[in-house]
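Structure at a glance
These are the residues of each chain, in order.
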Amino acid sequence: MSKKNITCILAGLLLSGVAQATTTYVSDIQFVAIREGQNNNTRAVERGIKSGTPLEVLEQENGYTKVKTPSGNEGWIADYFLSDDAVTRDQVISLQSKLSALSESKQKVNSELQDSKKEITDLNNKVTSLESDKTQLIKQIQQNKALAEKAQSIVSQNNDVSYQLESLKKQLATAEQAADQQQSTTQQKWFAIGAGTLLGGLIIGLLIPLSRKKKSSTSSWS
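Across its full length, the protein carries two helices and seven strands. When the elements of the protein are put in sequence order from the N terminus, they spell out α-β-β-β-β-β-β-β-α. For the protein, the proportion of its 222 residues judged to be buried stands at 13%. Surface summary for the protein: the accessible area is close to 17900 Å², and the carbon and sulfur share equals 57%.

Here you go:
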């Protein structure tokens, strides 16, 4: 065996090893067939392989690629039926699936957001209600404080009135006592005057007859 043949065999083995490590995809065509040879007229090993089906690469030459299907069949397929990437239709399906998942996730997030907004609204309403209750409570406390101060003022005024009333009662009692004393003194005075007048009248009444007798006696001696 010549060195040239050995080199070709080694190169072929290396290329075969590299090809086995890669994966190719059926391009964006509805269905293709895997055939025994590098010709579309050879017998089909497997038919109806859909676009996007991953195929294991075994060998490549002359515009054909020998592949292994997911079902385990080996055969040749023209390179123009193959693509290094997933076909556009499958990419679209994948993207649509991802988009649907994102849409559902978005709807879920929106629903949670609406629930959160509702909870926030409820909390704001409760806060507003509590603020109103707080305002009413403060107002009631202020009113109660004002009533307490007013009651205290009334009690204080009542104490002052009671003190003034007691003072007036004492003054009235003193005045009544003084009036009684004055009335008693006046009565005694008038009694004394009346007694003196009566006594004076008796004396005069006694003196007048005596005076008349004396005058009569004087007249007879003359």
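Let's shift gears to a nonpolar patch on the surface. On the surface, a nonpolar cluster with roughly 500 Å² of combined accessible area is contributed by Leu-198, Leu-199, Leu-202, Ile-203 and Leu-207. The topology assignment puts Leu-199 in helix α2 (residues 88-221).

A separate point is a negative patch on the surface. Together, Glu-112, Asp-115, Glu-119 and Asp-122 give the surface a local cluster of negative charge. Within the secondary structure layout, Asp-115 lies in helix α2. Here Asp-115 falls in the partly exposed class, since its relative accessible area comes to 43%.

Below, the discussion takes up unusual backbone geometry. In this model, Asn-62 sits at a positive phi of 55 degrees, which is unusual for a non-glycine residue. Inspection of the secondary structure assignment puts Asn-62 in the loop between β4 (54-61) and β5 (64-68). By relative accessible area, Asn-62 is classed as exposed at 65%.

Turning to its location among the elements, Ile-34 is positioned in strand β2 (residues 31-35). A residue is classified by how much of its surface remains accessible, and Ile-34, at 0% relative accessible area, is buried. The sequence separation of Ile-34 and Trp-76 amounts to 42 residues, and the corresponding C-alpha distance is 5.5 Å. The residues contacting Ile-34, other than those within four sequence positions of it, are Arg-43, Ala-44, Val-45, Glu-46, Ile-49, Leu-55, Val-67, Thr-69, Glu-74, Gly-75, Trp-76 and Ile-77.

In globular proteins that are soluble, nonpolar side chains generally tend to be buried together. The biggest cluster of nonpolar side chains holds eleven residues, and these are Val-32, Ile-34, Ile-49, Leu-55, Tyr-64, Val-67, Trp-76, Ile-77, Ala-78, Phe-81 and Leu-82. Broken down by secondary-structure element, the contributors of at least two residues to this core are β2, β5 and β6 (74-78). The element best represented in this core is β6, accounting for three residues.

Right, let's talk about the pattern of salt bridges for a bit. Counted under the stated rule, the structure contains one salt bridge. Note that Arg-43 and Glu-36 form a salt bridge whose closest N and O atoms lie 2.4 Å from each other.

By secondary structure assignment, the location of Arg-35 is in strand β2. The contact partners of Arg-35, leaving out residues within four places of it in the chain, are Asn-40, Thr-42, Arg-43, Ala-44, Val-45, Arg-47, Gly-75 and Trp-76.

β6 sits mainly inside the fold: four of its five residues count as buried. Pairing of β5 with β6 involves five bridges; the strand directions are antiparallel. Residue pairing across strands places Lys-68 opposite Glu-74, the latter belonging to β6. In sequence, β5 turns back onto β6 through a hairpin of five residues, with Gly-72 there showing a positive phi of about 100 degrees.

To continue, consider the confidence of the model for the protein. Regions with low pLDDT carry predicted coordinates that are not meant to be interpreted in detail. On average, residues of the protein score 77 in pLDDT, and 77% of them reach the 70 mark or higher. When pLDDT is averaged over each element of the protein, β5 comes out on top at 94 and helix α1 (residues 3-20) at the bottom at 45. Confidence drops under a pLDDT of 50 for residues 1-11, and excluding neighbours within four residues, the segment shows two contacts in the predicted structure. Considering only residues more than four positions removed or in separate chains, one finds that residues 13-20, a stretch of pLDDT under 50, has seven contacts.

In this section: the environment of Glu-61. Within the secondary structure, Glu-61 sits in strand β4. Exposure remark for Glu-61: the relative accessible area of 34% places this residue in the partly exposed category. The spatial distance from the C-alpha of Glu-61 to the C-alpha of Asp-79 is 9.4 Å, given a sequence separation of 18 residues. Ignoring any residue separated from it by four or fewer positions in sequence, one finds Glu-61 in contact with Gln-38 and Trp-76. A distance of 2.7 Å separates a polar atom in the side chain of Glu-61 from a polar atom in the side chain of Gln-38.

Conventions we followed
Residues numbered from 1 in each chain as written. Predicted model: local features only at pLDDT ≥ 70, side-chain atom pairs only at ≥ 80, totals over all residues. Heavy atoms only, no water. Helix = DSSP H or I, 4+ residues; strand = E, 2+ residues; numbered from the N terminus. Buried < 20%, exposed > 50% of the residue type's maximum accessible area, 1.4 Å probe, protein only. Areas by Shrake-Rupley, 256 points an atom, 1.4 Å probe, with all protein chains shown as cover. Patch = residues over 30% accessible without salt bridge, like charges linked within 9 Å, V, L, I, M, F, W, Y side chains within 5 Å. Salt bridge = Lys/Arg side-chain N within 4 Å of Asp/Glu carboxyl O. Lys, Arg positive; Asp, Glu negative; His and termini not counted. Charge placed at Lys NZ, Arg CZ, Asp CG, Glu CD. Contact = heavy atoms within 4.5 Å. Core = buried A, V, L, I, M, F, W, Y, C linked by side-chain atoms within 4.5 Å. Pairing = 2+ DSSP bridges. pLDDT = per-residue confidence, 0-100. Polar contact = N/O pair within 3.5 Å; in protein donor to acceptor, adjacent residues only side chain to side chain.

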